[in-house]
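# Structural description and commentary
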Amino acid sequence: MLAKTKNRKYSNLAMPENLTATIFSMLFFVPAAWSQNCVLKGSILDATSNEAVSFAQVLVSGTSQGAVADESGHFVISGLKPGFVRIEVSSLGYKQSISPEIELSNARTAFVEIRLEKLPEEIEEVQVKGSAFRKTEESPLSLKTINLSEIESSPGANRDISKVVQSFAGVLSTPAYRNDVIIRGGGPSESRFYLDGVEVPNINHFATQGASGGPVGIINADLIREVNFYSGAFPANRGNALSGVLEFFQVDGNPDQFRFRGTVGASEISATIDGPVNNKTSFVLSARRSYLKLLFSALELPFLPTFNDTQFKLKSRIDKNNEISLIGLGAIDLSDLNLGIKNPDDQQKYILSYLPVNKQWSYTLGLVYKHYRDNSTSTVVFSRSHLNNSNEKYLENDYSSQNHKILDYSSNEIGNKFRVENTARAGNVKISGGANLDWVEYDNSTFQRRYAGTGIQDISYQASLSFARWGIFGQVSPLFADGKITASAGFRFDANSYSASMQNLFRQFSPRVSASYAFANRWSLNLNAGRYFQLPSLTTLGFQKNDVLVNKNNKLKYIQSGHLIGGIEYKPNAVMQFSLEGFSKKYNYYPFSVTDSISLANKGADFGVVGDEEVISASKGKAAGAEFQARVNSPSGLNFNLSVTFVRSKFQDKSGRYSPSSWDSKQIVSLTTTRNLKKGWKVGARWRFVGGLPYTPYDLEKSSLVRVWNLSGAPLINYQKLNSERFHAFHQLDVRVDKAWYWNKLTTKLYLDIQNLYNFKARQTDIVVREQDEAGNYLLTDNNTRYVLRTVKNTSGTVLPTIGLMVEF
């Protein structure tokens, strides 16, 4: 519902005449600079030992330009055209490698570090082709690599990585303009995120506490070089996930010269700087601030959001065997109410009636140490994360008395984490293993009155808890039949000290197996089976009633999910990939709401807090489907990504019957393509189709009671009719045009992004408002015990044009 209001800011926004004139003058009257003066420097290293690979052959993909690395593994290629390129590297005794994308410009020298994996001696003579679409021994399927150019210029995403992910198979996108990561019919709280190996609990501004989503991503695309997205087949070192894992890899700072990049995006302005500290250390640092509060206030929107974030990486190569990195990510968010609107319309009244004032800040700091040996690499990670979240609401937004306060919520989630792992290669076998130990702290101060089926509950408590969490993991991945068959077997054991029901490691035993068979030239058959566990959210673990942690007394368990995945893959060449996968997921011990009598798997894709209620570990669920994906990432500048997903998702209701979950979309189609044109132009389009999602109607009879409505300022959801209704299908076309100027000392980029080009209107849950008389008094019936309610049809969607500008020198 908030999405519709957000959309209106664009429909009423006109570009100033002087800005329009400036843009047209840049596009048509500024001479384009497109000389081939770009320089690329790099080094070729052994992936395990970090030793230099001497005399490797280096080639720019799609060209005849290249070089031979020197004895120290260094190379230089000059006279290159600006834009995105990949590097192909081959050397005797190593697998051929194709690098992630690198952006070249005349204004600076680009650097790349490429790591080669050794070929086992038994298959050293077999030619192993590199590919832009990599897979690992542990995850031969359900792993997608997202490239830099896809992040930079994906239509409709505005360089927000969480929105880019929604173009991939199995990922649900909705018309609500949020970044919820909903994968293969699972809930929005089932994914984990890593930044250069450091776990980041929260990657969105104004995050839904207890889930994963929010309206805007925190991670700045200026610092990202590549993303690994797992929708299954998780490696053993990535725990506590049921549906997805996203690994974000950052660029290193420029080792030779300082660089600045300034960006004005759809909702924020940002600055990024990187460069050397000394001959062994480099840094990259960014800061962003939104300007939405000024814009929303001018357009008289009912809420006024402001977000700020910063991100940095400091990396030092101590010597050839040791390196250390300091990683940081932080955000400060404030969403206030615009109470100065005169004569608000129905939608403004509705949002002002229920939306609280939200303040939120979070940070993650991580230290990553790597030690390289001849045949193994050890990694040690220390990190600390902290989320502070508060919500406050007064009835009718009347701040004159504390008696009018209907919500006062404040909490902190703190995680101190240590992880150590080692990866070794012995002949044709890869062996990895490690352990993690975390110290978790949580506190919560809550005052709220809620309607609980038959009456009103007073929720008022102050909770505080801390506990240890630990795990061990390992994986063995051998090759057979001259490398045509790859197998992998892994395990995890997880436990914690929260309660006796969770302390036994063997109750959370997570085995997983994968296999890949290259049965024909460029064809492979891939399989995976695994069982995964996830700890319920801290909002659930810390919920308190009558001074007791009720969910601890209810013997809460880890959530369990079993996966079975099979697929076939065809790679006709290094830049094309076609895959077909089928999957089945079965859930056990999902938290089940005692008050609402529904699985918490149905919650989490709205603003606020999820999981702060009494639950029992009783819900079961299942999801199954099939996915097709076709991708092209051509050196000529063509990106093509078609994904088609068929999925059914069901969870048990209070009677034990399986009914559609809130994510049972049935069909998801996404087609994204971008194309480089001459003289720095690029065009792209994305079309999405999502089958109608189920929803639960309101209980208007109970909602009309004055004592019930005044608890939250919004109608009650009728969970007795859980997901009994279904919206119509949603579809949308986004287009984007980019123009780049590569001058000798300056790079300038301009883009125009238009979301929902043909103005599709997606039906949303109705708005409900209270009727008023001419004097502004609310109409009452039944001896003044009920409001007179009126429903208003609600749609989301309008044409959303945005302009972005990037300057780099």
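Before any of the text, the structure's been laid out above.
Now for a quick tour of the structure. As the structure is a prediction and not an experimental result, all values here were calculated from the model.

## Observations concerning the overall build of the protein
- In terms of helices and strands, the protein carries 10 helices and 45 strands.
- Relative to a compact globule of 809 residues, whose C-alpha radius of gyration would be 28 Å, the protein shows 27 Å and is just as compact.
- Its C-alpha atoms give the protein principal-axis dimensions of roughly 90 × 70 × 45 Å.
- Residues counted as buried form 57% of the 809 residues belonging to the protein.
- When contacts within the protein are restricted to residue pairs at least 6 apart in sequence, those whose partners lie at least 24 apart make up 68%.
- Side-chain charges of the protein comprise 89 positive and 74 negative groups, with the mean position of each set lying 3 Å from the other.

## As for the packing of aromatic side chains
- Applying the stated rule across the entire model yields 26 aromatic pairs.
- Ring pairing ties together the aromatic residues Y517, F519, W523, Y570 and F578, which thus form one cluster.
- Positioned over the ring face of Y194 is R238, at 4.1 Å from the centre of the ring.
- The ring of Y778 is capped by R770, whose NZ or CZ atom sits 3.9 Å from the centre of that ring.

## Description of the nonpolar core
- Judged by nonpolar contacts, the single largest core of 28 residues is most densely connected at I146, I224, F229 and F248.
- Only α4 (161-165), β11 (191-195), β15 (224-230), β16 (244-250) and β21 (322-337) provide two or more residues apiece to this core.

## Focus on the pairing of strand β25 (residues 429-451)
- In this structure, strand β24 (residues 405-426) lies alongside β25, joined through 20 bridges in antiparallel fashion. Along β25, the bridge assignment pairs R425 with K430.
- In sequence, β24 turns back onto β25 through a hairpin of 2 residues, with G427 there showing a positive phi of about 65 degrees.
- Direction of pairing for β25 relative to strand β26 (residues 456-480): antiparallel, over a ladder of 23 bridges. Paired with Y451 across the two strands is I456, which belongs to β26.
- Count of turn residues in the β25/β26 antiparallel hairpin: 4 residues, of which G453 carries a positive phi of about 75 degrees.

## Digging into the sheet that holds strand β6 (residues 87-90)
- Pairing within the open sheet is antiparallel, and its 4 strands lie in the order β3-β2-β6-β7. Of all the strands in the sheet, just β3 (66-68) and β7 (97-98) have a single pairing partner and so form its edges.
- Looking at chain direction, strand β2 (residues 57-60) and β6 are connected through 4 bridges and run antiparallel. Bridging across to β6, V58 finds its partner in V89.

## Some thoughts on unusual backbone geometry
- Despite not being glycine, D196 shows a phi value in the positive range, around 50 degrees.
- Here D196 falls in the buried class, since its relative accessible area comes to 16%.
- Of note, the phi angle at D547 is positive, near 60 degrees, even though the residue is not glycine.
- Positionally, D547 belongs in the loop between α7 (538-541) and α8 (550-553).
- Among the residues examined, D547 registers a relative accessible area of 68% and is labelled exposed.

## Focus: the pattern of salt bridges
- By the definition in use, this model includes 57 salt bridges.
- In this structure, E569 and K135 form a salt bridge, with 3.2 Å as the shortest nitrogen-oxygen distance. With a gap of 434 residues between them, E569 in strand β30 (residues 559-573) and K135 in the loop between β9 (110-116) and β10 (143-146) connect regions that are remote in the sequence.
- One salt bridge connects D596 with K603, and the closest N-O pair in it is separated by 2.8 Å. Each member of the pair D596 and K603 is classed as buried.
- A network of salt bridges, in which partner residues are shared, links R108, E152, R159, D222, R259, R261, D274 and E808.

Thresholds applied
- Residues numbered from 1 in each chain as written.
- Predicted model: local features only at pLDDT ≥ 70, side-chain atom pairs only at ≥ 80, totals over all residues.
- Heavy atoms only, no water.
- Helix = DSSP H or I, 4+ residues; strand = E, 2+ residues; numbered from the N terminus.
- Rg over C-alpha atoms; globule rule 2.2 N^0.38 Å.
- Buried < 20%, exposed > 50% of the residue type's maximum accessible area, 1.4 Å probe, protein only.
- Contact = heavy atoms within 4.5 Å.
- Lys, Arg positive; Asp, Glu negative; His and termini not counted.
- Charge placed at Lys NZ, Arg CZ, Asp CG, Glu CD.
- Phe/Tyr/Trp six-rings, centres within 6.5 Å; stacked < 30°, edge-to-face > 60°.
- Lys NZ or Arg CZ within 6 Å of the ring centre and 35° of its normal.
- Core = buried A, V, L, I, M, F, W, Y, C linked by side-chain atoms within 4.5 Å.
- Pairing = 2+ DSSP bridges.
- Salt bridge = Lys/Arg side-chain N within 4 Å of Asp/Glu carboxyl O.

Note that every value here comes from positions in space, so none of it alone points to a role or purpose.
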